[in-house]
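Commentary on secondary and tertiary structure
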Amino acid sequence: MQGSRKYANCNVSGACIADFGHHVICVDKDNIKISALNAGEIPIYEPGLDEIVQSNVRQGRLSFTTELSETLDEAAAVFIAVGTPSRRGDGHADLSYVYAATREIALALKRFTVVITKSTVPVGTGDEIERIIRELRPDIDVAVVSNPEFLREGAAIHDFKHPDRIVVGTHDERARALLAEIYRPLYLNRAPIVYTGRRTAELIKYAANAFLATKITFINEIADLCERVGADVQEVACGIGLDNRIGPKFLHAGPGFGGSCFPKDVRALIKTARDHDVPMRILEAVETVNDTRKRAMARKVSSVFAGLLRGKTVAVLGLTFKPNTDDVREAPSLALITALQDMGARVRAYDPVGMEQAKQVLADVTYCRDPYDCVEEADAVVIVTEWEQFRALDLERVRDLMACPVMVDLRNVYRPEDMKKYGFAYTSIGRLPTHEPVKLVDAPFSIAAAV
Ligand code: UGA
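Residues numbered from 1 in each chain as written. Predicted model: local features only at pLDDT ≥ 70, side-chain atom pairs only at ≥ 80, totals over all residues. Heavy atoms only, no water.

1. A look at the overall build of the protein chain
Regarding its fold elements, the protein chain presents 19 helices and 14 strands. Relative to a compact globule of 451 residues, whose C-alpha radius of gyration would be 22 Å, the protein chain shows 25 Å and is just as compact. Its C-alpha atoms give the protein chain principal-axis dimensions of roughly 85 × 60 × 45 Å. Among the 451 residues that make up the protein chain, the fraction classed as buried is 51%. (Helix = DSSP H or I, 4+ residues; strand = E, 2+ residues; numbered from the N terminus. Rg over C-alpha atoms; globule rule 2.2 N^0.38 Å. Buried < 20%, exposed > 50% of the residue type's maximum accessible area, 1.4 Å probe, protein only.)

Below, the structure is given as structure tokens:
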């Protein structure tokens, strides 16, 4: 394709960049993963990814290899897109994969190359990447760029193709020109490119995730207050979200945020700030509140039974940290299920795609065929992840299958009035339950009425 270049990469971004017409070679050390990809199998669950991969492989723009060296013969740019999990013990981002990839890239460089970090890395990592490359290859010129990714799991392809912004952190004009060329199709769609310094770009990524995690935690605490004072959190979210300065997104109260990004990025930003002697008290609160919340969700279930869960069977619908992914990392379901078991409950569970992953981390759970199999003879059903198929359950069938029609809806999928009609004792987040008389907390002040 005219104007296309070769890029080395291995993730959703790689497939989407190939879809723009560039040539992309994905490199991974994992032989099994690369063999699977070469056989047309996609090792992660991401809606739409298989079609994009297949069509770009067919058109000769996307290929997979374990050999980094040969990909750099022609590549104008190489993206580092490896994981940066929380380091065991201290919560800092583990950069060992990033630096291992950097060293390999350095040794394989053939000429001036733009090295782009897509991985979420703490401020200053780009400086270290550049130092490593210059030390190993003083003979080669490089530009090291930070180009963070803002893709959500389960919606990654949509997010890549319709970004709110593209952040490019470098002062190197050659690198800026190359990144502009890579993202030209998005720029034509008017996605703004924010050109900035490398350290600023690295911090933008963490600040964005930390801000969103804070927004969720804020509305979750407002939800708790709503339950006490007889207000409705969804209407509060709508009422504040209509203010353009606040915005309506990421105001869905729930069981706490999970996944492979928010929890680890909040932790890592707190650590970075501490290293620079800057306390991040708001984020420290976000981390604690969120961790406590996931387990506390089990109390919502036990409170329906006056705290007596021993011997009860609880059906859990949804194990992944959000819909449209098979990822259960730091999912609220994990802490919830463990807490339910600690309280003596038996747990049955169903998830449309996350059960294999869950089996690796959860013991003593009965995994079921479908939602109806899951609720059979259960004393309570808990909706933990808002998969589409849980939004349209046959509620009469669910009620009749259960030993006791109790639903705890941690994603506010259903309306309390409807659930009451179906005869459920229904508890949700930030709204009054249907199974108890309304107990309003008295206002802490009195008003003298003039007679
Ligand atoms: C998040 C960010 O949204 C992406 O922009 C970012 O690129 C990505 O992290 C990353 O750093 O790679 P992701 O973790 O895939 O994406 O999923 P989100 O949709 O952000 O959801 C995270 C958690 O927050 C989920 O557990 C979700 O249920 C929860 N959440 C989200 C809420 O409880 N309420 C909301 O209103 C939104």
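Once the structure has been displayed, the description carries forward.
2. Some points on the sheet that holds strand E14 (residues 425-427)
The sheet built from 6 strands is open, its strands ordered E11-E10-E9-E12-E13-E14 with parallel pairing. Taken across any chain shown, the strands that pair with only one partner, and hence form the sheet edges, are strand E11 (365-367) and E14. Within the sheet, the average angular offset between the axes of one strand and its neighbour, ignoring direction, is 20°. Taken together, the 3 bridges between strand E13 (residues 406-409) and E14 define a ladder with parallel strand orientation. (Pairing = 2+ DSSP bridges. Axes fitted to C-alpha atoms, helices over the stretch in contact; angles between N-to-C directions.)

3. As for helix H5 (residues 96-108)
Across its 13 residues, H5 extends 18 Å between first and last C-alpha, which sits within 8% of the 18 Å expected from 1.5 Å per residue. For H5, every residue scored as buried is listed here: Val98, Tyr99, Ala101, Thr102, Ile105, Ala106 and Ala108. Those residues of H5 that are buried are in contact with helix H4 (68-71), strand E4 (77-80), strand E5 (113-117) and helix H6 (125-136). (Expected span 1.5 Å × (residues − 1). Contact = heavy atoms within 4.5 Å.)

4. Topic: the site of the ligand
Taken together, 19 residues sit near the ligand, with Phe150, Leu151, Glu153, Lys205 and Asn209 positioned nearest. In this structure, an oxygen atom belonging to the ligand sits 3.1 Å away from a main-chain N or O atom of Phe150. Take Lys205: an N or O atom from its side chain is 2.7 Å from an oxygen atom of the ligand. Isolated, the ligand exposes 710 Å² of accessible area, and the fraction of that covered by the protein chains is 91%. At the level of elements, helix H10 (198-229) and helix H12 (262-275) are the ones that each hand at least two residues to the shell around the ligand. In terms of residues, the shell around the ligand owes the most to one element, H10, which gives 3 residues. Within the shell around the ligand, the residues separate by chemical class into 9 nonpolar, 3 polar and 7 charged. (Near = heavy atom within 4 Å. Polar contact = N/O pair within 3.5 Å; in protein donor to acceptor, adjacent residues only side chain to side chain. Areas by Shrake-Rupley, 256 points an atom, 1.4 Å probe, with all protein chains shown as cover. Nonpolar A, V, L, I, M, F, W, Y, C, P; charged D, E, K, R; others polar.)

5. Thoughts on the packing of H5 against H6
Close contact between H5 and H6 brings their axes to 9 Å; oriented N to C, the two are set at 35°. Note that H5 runs across H6; the crossing there is right-handed. Along the contact surface, H5 presents Val98, Tyr99, Thr102, Arg103, Ala106 and Leu107, while H6 presents Thr125, Glu128, Ile129, Ile132, Ile133 and Leu136. Tallied by class, residues from the contact of H5 with H6 come to 8 nonpolar, 2 polar and 2 charged. (Left-handed = near helix turned anticlockwise from the far one by under 90°.)

6. Some thoughts on the environment of Lys420
Mapped onto the elements, Lys420 comes out in helix H19 (residues 416-421). When the C-alpha atoms of Lys420 and Ile132 are compared, they prove to be 63 Å apart, with 288 residues separating the residues in sequence.

7. Looking at the side chain of Arg137
Relative to the assigned elements, Arg137 resides in the loop between H6 and strand E6 (142-146). Classification of Arg137 by relative accessible area gives buried; the value is 14%. A distance of 3.0 Å separates the side chain of Arg137 from the backbone oxygen of Leu109, its partner in a polar contact. When neighbours within four sequence positions are excluded, Arg137 is seen to be in contact with Ala106, Leu107, Ala108 and Leu109.

8. A closer look at the pattern of salt bridges
Going through the model one piece at a time under the given rule, you end up with 32 salt bridges. Arg198 is paired through a salt bridge with Glu130; the nearest N and O atoms lie 2.7 Å apart. Here Arg198 is found in helix H10, whereas its partner Glu130 is found in helix H6, with 68 residues between them in sequence. Shared partners join several salt bridges into a network, and the residues in it are Asp127, Glu130, Arg134, Arg198 and Arg199. (Salt bridge = Lys/Arg side-chain N within 4 Å of Asp/Glu carboxyl O.)

9. Observations concerning the packing of aromatic side chains
Enumeration over the complete set of coordinates arrives at 5 aromatic pairs. Between Phe257 and Phe262, the aromatic rings sit 5.9 Å apart at their centres with planes inclined by 85°, giving edge-to-face as the arrangement. We note that Phe257, like Phe262, is buried. Of the aromatic side chains, those joined through ring pairs into one cluster are Phe20, Phe160 and Tyr183. The ring of Phe150 is capped by Arg165, whose NZ or CZ atom sits 3.6 Å from the centre of that ring. (Phe/Tyr/Trp six-rings, centres within 6.5 Å; stacked < 30°, edge-to-face > 60°. Lys NZ or Arg CZ within 6 Å of the ring centre and 35° of its normal.)

10. What to know about the side chain of Arg293
With respect to the helices, strands and loops of the structure, Arg293 is situated in helix H13 (residues 281-304). With residues up to four places along the chain from it excluded, the contact list for Arg293 reads Asn220, Asp224, Gly254, Pro255, Gly256 and Ile429.

11. Thoughts on unusual backbone geometry
Of note in this structure, Asp277 is not a glycine but carries a positive phi near 60°. Within the element layout of this structure, Asp277 appears in the loop between H12 and H13. The exposure class of Asp277 is exposed, given its relative accessible area of 70%. In this structure, Asn412 takes a positive phi of about 50° despite not being glycine. When you line up the elements, Asn412 lands in the loop between E13 and H19.

12. Some words on the confidence of the model for the protein chain
As a general rule, the predicted coordinates of low-pLDDT regions are not to be interpreted in detail. Chain-level statistics for the protein chain give a pLDDT mean of 92 and a share of 94% at 70 or above. This model gives residues 1-6 a pLDDT under 50, and the stretch forms 18 contacts once residues within four places in sequence are excluded. Between residues 437-451, whose pLDDT stays under 50, and residues either more than four places distant or in other chains, the model counts 5 contacts. (pLDDT = per-residue confidence, 0-100.)

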